[in-house]
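Residue strings, one per chain:
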Amino acid sequence: MIINLSPDDKIYLTQFSIQIGKIVWLPYSAACIWAYAESQNSVSRSQLGGLFYVKQNIETLVEQIHSPAIVGFSHYIWNEQYNDQLALQIKTLYPNCVIIYGGPQVPDHNSKWYADHYWVDICVHQEGELVFNDICSGKRLNDIPGISYKDELGWHHNTPGQRIKDLDQLPSPYTTGVFDNFINKDYLNNAIMETDRGCPYQCTFCDWGGTTFSKVKRLNLERVYEEIEWAGKNQIEFINNANANFGIFKERDNLIVDKLIETNKKYGYPKTFETSWAKNSNKTVLSIARRLQQSGLLRKFGISMQSLNTDVLKNIKRSNMDINNFDLVVKQAEEYNMSVMVELIVGLPGETLESWKENFCYLMQYNNISVDTYPCWMLHNSELSQTDTVEKFGITYQQVPFNTRMGDQIQEQAWQIVGTNSLSEYDLLELWKWTWCAMLGHTLGITHEIIKLLATKQNYHAKTFYDQWHEFIIDSTGILNEKYQQWSTKLLEYDFQSYVLDYDYMQDIGYKKRQETINDIKQFVERYYDKNLAKKSAENFDLFYFHPERNYPYTKNNLTVDHPGMGSIDEYHVYVGLHRKSKGWQCSVLTENH
Ligand code: B12
Ligand code: SF4
C-alpha cells in the first residue's frame, strides 16, 4: 500500500495547543515534519493547505479544509479528544482523505485504541520527520519502520523506527518560513525550540516518544542561532525550549545563552526562555541560569525532583542529583538571590502520606525554594502505564476531566493515578488537602511573615508548623476554611490538576477579603503560639503581602515595602501565583527608613 500524492493534492497539519488566556504555542512539531518533507521535495509549499494550532469550533475548522488528501494530527494529552472529533468529521466528509496521527499520545500497542480509532489510517510512532517524508514520497507503507497502518485486513504494526542519526539534516521550520502564512496574530504566540534531542534518563512516568533513555543529539548550532534571531525579529515573547536537560553541554549552552541575550538586547525579544534544566544540576548549570536571570530572560529556575523518597526514585527509575549537591545548588542560588522552583509529582509508587509530608517540609526549610506539585498522569506509552508495572505497585487510576479551567469546548480527558499499594485512595485525598494548605502557606506566601517571626524565636519546625496550619484551616470558621471547603469539592471529581494549579481563591484571600485573612492569621498564631506574635504576624502580613490597590513603594510605620517587577495585573490570582513561583515566597523587598 502506498500514498500517491499529485502536485495539486492538499495536505493539512494540525497541532492544537494548550491555551492560557491569549497565549498559545506555535505548532513546532507539525512544522518540523513539513520542513523536512519539503527539503526532500516530497511535498511543495503550495500543497500545505493549513497549519492549525488554535482550537476553535469544530464546524468552523472543518469549513477551512477543502478536499484534503492528507490531514496530519499532532496528538498530545491536551488535544486528544478534540483531535478525535475533528478527525472523525473530516473522515466522514472526505472518506478518501488519509488521516495520520503522530506525537506522544499515540499508543505504540493498544488493540482497543486501534479498534476504536477506525477513522485513523496511519499512526507514526516516535520521531516523525523521516517517516512523514517516506509516506509523502510514496514509499510502500509496509517498508516504513516506526508506523502502524490500516488496510482492508486491519491494523499492521511495523518494526520500531530508529532514532534519527544526524539531526543536521533537519531544516528549521522557522527559518524556512513554514509559519509565514499561518501565524494567528490574534494570539500571543510562544515558540518551541530544541537545541538538542534525547534524554539519558528513563523515568517510568515519562512519555517522550522513544527519545528517553537515549543519546542526547545536538541540533546544528547555526540553526539554533538562526531560530533565536527569527524569534527576536518576529517579536516572539516566550521561547519554550524542548530539551530535557539544558545546561549539560556547558560550552555550547553558554553560547546559546549568549545568543539569547544578544538577541533580546537587539530586538527586545524574546523576553523569556523557559527550559527543563539538567537533572544533575550543579554550579555550572546554575551559572548558566543566572546569566539568563540577570538579563531578565528567566522566569523561574526549576529543579524537577518529582520525589525525594529513595524508594520512590528506585520504583520510577529516576536518578535525582545527590541531596548534598542539591543543598549546594540551592544555597548557591540563594547567594545569587535566585529562587528555585522544585517540582514534585503526587502519587508515585512507593510514596506514603508521611514520606510526602516529610519531604515537602524538608524542601520548605530553604528560604528560596517554592514547591509546585502535579498529579501523576498515566501516559499511554510510559512504563508506569504498562500492565506489569500497574500490578507490581497496585496502581489504581481513573479517567478524569483534563484542563477543566481552560474552557475547551470539547472536554479533554486524562488517566490519573488515584492510589497505589503504599498510598490508599483515602490517604491520597488527605495528601492533596494537606498539600493545598502547605502550598497556600508556603508557595503562595501566606505564612511567610509568621514563619519569619517564629524563626527569630527559634520556635519553628516546618512539619509541626504545617500540620498545625492544616489543622487550623480544617477547624476554623474564617475565610481560609471557607476557601478550603469550596476548593475541596474539586477532589470529589478527582480534579487534582486544577485543585493545586488554579489559584482563583487568592483573589479573596489576598485581596478582596484580606481583612478576614488577617483575622485568621491572628487566630492561628494565638492558638498555637502566643498573642504578641499573633498581632505582629497579622500586621506584617498586611504590610508585606502584595495589595493591588496600594502604590508601591509603600511606606508604613517607618518601613518601606516594594514589589519590584510587578507590572500590570489583569488577574490578581494568576499574577500572585506566577510571581510567587518565579521569585519565591519572599517577594517583598523591605527597606528600613532612617
Ligand atoms: C512544549 C511542551 C509543553 C508546553 C505546551 C506546548 C503546546 N503546544 O501546547 C507546556 C510547557 C505548556 C507543556 C505542558 C504540559 N506538558 Co508538555 N511538553 C512540551 C515539550 C517540552 C516539547 C514538545 C515538543 O515540541 N517536542 C519536540 C518535538 C520535535 O517532539 P514531538 O512533539 O514529540 O514531535 C515529534 C514526534 O512526536 C512526531 N510527531 C509529532 N506530531 C506529529 C504529527 C504527525 C502527523 C507526524 C507524522 C508526526 C508527529 O514528529 C515530531 C518530530 O520528530 C515535551 C517534551 C519533549 N521534549 O518533547 C513535553 C510533553 C509533550 N508534555 C507532556 C506533558 C505530560 C505535559 C503536562 C501534562 C505536564 C504536567 N506536569 O502537567 C502539561 C500539560 C499542561 C496542560 N494544562 O495541558 C508530555 C506529553 C505526554 C503526552 N502523551 O501527551 C511530554 C512528552 C513530556 C514528557 N516527558 O512526558 N508542555
Ligand atoms: S522525565 Fe525528564 S529526565 Fe526523566 S526520562 Fe523524561 S525527559 Fe528524561
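Residues numbered from 1 in each chain as written. Chains lettered and ligands numbered in written order. Predicted model: local features only at pLDDT ≥ 70, side-chain atom pairs only at ≥ 80, totals over all residues.

### Notes on the overall build of the protein
Piece 1. On a plain count of helices and strands, the protein comes out with 21 helices and 21 strands.
Piece 2. Its C-alpha atoms put the protein at 80 × 55 × 45 Å along the principal axes.
Piece 3. The proportion of buried residues among the 594 residues of the protein is 44%.
Piece 4. If you take every contact in the protein between residues at least 6 apart in sequence, the share linking residues at least 24 apart comes to 74%. (Helix = DSSP H or I, 4+ residues; strand = E, 2+ residues; numbered from the N terminus. Buried ≥ 20, exposed ≤ 12 C-beta atoms within 10 Å, placed from the backbone. Contact = placed C-beta atoms within 7 Å.)

### Let's talk about the packing of helix α11 (residues 353–364) against helix α15 (residues 462–475)
Piece 1. For the pair α11 and α15, the least separation of the axes is 9 Å and the interaxial angle reads 110°. Comparing their axes, α15 and α11 come out roughly perpendicular. Between α11 and α15 the crossing geometry is right-handed. Two secondary-structure elements touch here, α11 through K357, E358, C361 and M364 and α15 through A462, K463 and Y466.
Piece 2. Here the residues of the contact of α11 with α15 sort into 4 nonpolar, no polar and 3 charged. (Axes fitted to C-alpha atoms, helices over the stretch in contact; angles between N-to-C directions. Parallel < 35°, antiparallel > 145°, perpendicular 65-115°, else oblique. Left-handed = near helix turned anticlockwise from the far one by under 90°. Nonpolar A, V, L, I, M, F, W, Y, C, P; charged D, E, K, R; others polar.)

### Focus on the site of ligand 1
Piece 1. The immediate surroundings of ligand 1 are formed by 36 residues, with S29, G72, S74, G102 and G128 found nearest.
Piece 2. Examining the composition of the shell around ligand 1, we find that 5 residues originate from one element, helix α1 (residues 28–39), more than from any other.
Piece 3. Among the residues forming the shell around ligand 1, the class breakdown is 21 nonpolar, 11 polar and 4 charged. (Near = placed C-beta within 6 Å.)

### A short note on the environment of L13
Piece 1. When you line up the elements, L13 lands in strand β1 (residues 10–14).
Piece 2. When the C-alpha positions of L13 and G210 are compared, they lie 22 Å apart, and in sequence the two are 197 residues distant.
Piece 3. With residues up to four places along the chain from it excluded, the contact list for L13 reads P27, A30, W34, L51 and G72.

### Some points on the domain arrangement of the protein
Piece 1. Parsing the protein into structural domains produces domain 1 (10–169), domain 2 (194–299) and domain 3 (300–592).
Piece 2. Just the C-alpha atoms count here: the centres of domain 1 and domain 3 sit 38 Å apart.
Piece 3. Taken together, the contact pairs 14 residues of domain 1 with 14 residues of domain 3. (Domains from an automatic or database assignment.)

### Looking at α15
Piece 1. Spanning 14 residues, α15 covers 20 Å between terminal C-alpha atoms, matching the ideal 20 Å at 1.5 Å per step.
Piece 2. Within α15, the full set of buried residues consists of F465, Y466, W469, H470, F472 and I473. Down the axis of α15, the sector holding all buried residues measures 165°, keeping them to one side. Facing away from the buried side of α15 by more than 90 degrees, the exposed set consists of T464 and D475.
Piece 3. Against α11, α13 (425–441), α14 (448–456), α16 (479–492) and α19 (514–528) lie the buried residues of α15. (Expected span 1.5 Å × (residues − 1). Arc of directions from axis to C-beta.)

### Observations concerning the site of ligand 2
Piece 1. C199, Y201, Q202, C203, C206, W208, T212, A244 and K279 make up every residue found near ligand 2.
Piece 2. Each residue belonging to the shell around ligand 2 can be placed in one class, and the counts come to 6 nonpolar, 2 polar and 1 charged.

### Quick notes on the sheet that holds β1
Piece 1. Pairing is mixed across the open sheet formed by 7 strands, whose spatial order is β3-β1-β4-β5-β6-β7-β8. Taken across any chain shown, the strands that pair with only one partner, and hence form the sheet edges, are β3 (48–52) and β8 (154–157). When the angles between neighbouring strand axes are averaged without regard to direction, this sheet yields 15°. (Pairing = 2+ DSSP bridges.)

### Thoughts on the sheet that holds strand β2 (residues 23–25)
Piece 1. Strand order in this open sheet of 4 strands is β2-β9-β12-β13, and the pairing throughout is parallel. Looking at strand neighbours, the two that pair on one side only are β2 and β13 (272–274), the edges of this open sheet. Sheet twist, expressed as the average angle between the axes of neighbouring strands with direction ignored, equals 25°.
Piece 2. Where strand β9 (residues 188–193) and strand β12 (residues 238–241) come together, 3 bridges link them in parallel fashion. By the bridge assignment, A191 is partnered in β12 with I239.

### Considering the pairing of β9
The side chains of a regular strand alternate, residue by residue, between the two faces of the sheet.
Piece 1. When you tally the buried positions in β9, you get 5 out of 6 residues, the bulk of the element.
Piece 2. Across 3 bridges, β2 lies against β9 in parallel orientation. Across the sheet, W25 pairs through a bridge with N190, a residue of β9.

### Observations regarding the pairing of strand β15 (residues 340–346)
Piece 1. Within β15, 6 of the 7 residues are buried, which leaves it mostly tucked inside the rest of the structure.
Piece 2. As paired strands, strand β14 (residues 301–306) and β15 are joined by 5 bridges and run parallel to one another. Bridge assignment links F301 to a residue of β15, and that residue is V340.
Piece 3. The sheet contact formed by β15 and strand β16 (residues 369–375) spans 7 bridges and is parallel. Looking at the pairing, I345 lines up with Y374 of β16.
Piece 4. In the classification by handedness, the crossover that spans β15, the intervening α11 and the parallel β16 is right-handed. (Right-handed = clockwise from strand over helix to strand, strands pointing away.)

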